[in-house]
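Overview (structure and organization)
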Amino acid sequence: MARTVLSYLFAVLLGLGALGHVVNPEFYAPMVPAPIPLVLANVLSTVVEGALALLIIWPATRRWGVIGFTALMVAFMPIHLWDLVRETPAVGSHAAAWVRLALQILLIGLGAWVARLSPRPSEG
């Protein structure tokens, strides 16, 4: 039960993130490292987050969606660490950057836990 609820929470977070990249792409500008074009970052994030949300919603692909969610959270970790050491973090303050980093670690741990306990497609 808990892993199903967490899975849907992950899907909602991903769906809101994908929508955010479309509705307010400039919000993400301070979080995107300079070498990466903002438009590319927003388009890729929208596609990946939206696809993972859909994978999680469908029970037959939920495990793969959660694995993808967890991998995405790991992939975003360098951005959170970079933001933490910046003079002015994108999230506003160093305290907020620490909270965001802690939440990121929590999401990675929960994602790994859900993926590990989720049945493989052959197990039904």
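Residues numbered from 1 in each chain as written. Predicted model: local features only at pLDDT ≥ 70, side-chain atom pairs only at ≥ 80, totals over all residues. Heavy atoms only, no water.

Attention now goes to the overall build of the protein. Within the protein, the secondary structure is distributed over four helices and zero strands. Put simply, the protein runs from its N terminus to its C terminus through helices and strands in the order α-α-α-α. A compact globule built from 124 residues would reach a C-alpha radius of gyration of about 14 Å, and the protein, at 15 Å, matches this within 12%. Taken along its principal axes, the extent of the C-alpha atoms in the protein is 50 × 25 × 20 Å. Here the protein, with 124 residues, has 35% of them falling under the buried criterion. Within the protein, contacts between residues at least 6 apart in sequence are counted, and of these 66% link residues at least 24 apart. (Helix = DSSP H or I, 4+ residues; strand = E, 2+ residues; numbered from the N terminus. Rg over C-alpha atoms; globule rule 2.2 N^0.38 Å. Buried < 20%, exposed > 50% of the residue type's maximum accessible area, 1.4 Å probe, protein only. Contact = heavy atoms within 4.5 Å.)

Take the nonpolar core next. Counting residues in each nonpolar core, the largest one holds 19 residues, and the members touching the most others are Phe-10, Leu-14, Ile-56, Val-66, Phe-69 and Met-73. Counting residues per element, the ones that place at least two in this core are α1 (2–23), α2 (38–57), α3 (62–85) and α4 (94–117). (Core = buried A, V, L, I, M, F, W, Y, C linked by side-chain atoms within 4.5 Å.)

So, on to the environment of Asn-24. With respect to the helices, strands and loops of the structure, Asn-24 is situated in the loop between α1 and α2. Assessed through its relative accessible area of 41%, Asn-24 is described here as partly exposed. On a C-alpha basis, the gap between Asn-24 and Leu-54 in space is 21 Å, while along the polypeptide they are 30 residues apart.

Here Asp-83 shows up in helix α3. Classification of Asp-83 as buried rests on a relative accessible area of 1%. Every residue in contact with Asp-83, bar those within four places of it in the chain, is listed here: Pro-89, Ala-90, Val-91 and Arg-100.

Let us look at the packing of aromatic side chains. Counted by the stated rule, this structure contains two aromatic pairs. Note on Phe-10 and Phe-69: the rings are 4.1 Å apart at their centroids and 15° apart in plane angle, and the pair reads as stacked. Of the two residues, Phe-10 sits in helix α1 while Phe-69 sits in helix α3, which places them 59 residues apart along the sequence. Pair check on accessibility: Phe-10 and Phe-69 agree, each one buried. Aromatic pair Phe-27 and Tyr-28: ring centres 5.1 Å apart, planes at 90°, arrangement edge-to-face. The ring of Trp-82 has Arg-86 lying over it, and the distance from NZ or CZ to the ring centre is 4.3 Å. (Phe/Tyr/Trp six-rings, centres within 6.5 Å; stacked < 30°, edge-to-face > 60°. Lys NZ or Arg CZ within 6 Å of the ring centre and 35° of its normal.)

On to the packing of α1 against α3. Put simply, α1 and α3 touch, their axes get as near as 11 Å, and they point 55° apart. What the angle tells us is that α1 and α3 run oblique. You can see that α1 and α3 cross each other, and the crossing is left-handed. For the pair α1 and α3, the contacting residues are Thr-4, Ser-7, Tyr-8, Phe-10 and Leu-14 in the first and Arg-62, Val-66, Phe-69 and Leu-72 in the second. The residue makeup of the contact of α1 with α3, split by class, is six nonpolar, two polar and one charged. (Axes fitted to C-alpha atoms, helices over the stretch in contact; angles between N-to-C directions. Parallel < 35°, antiparallel > 145°, perpendicular 65-115°, else oblique. Left-handed = near helix turned anticlockwise from the far one by under 90°. Nonpolar A, V, L, I, M, F, W, Y, C, P; charged D, E, K, R; others polar.)

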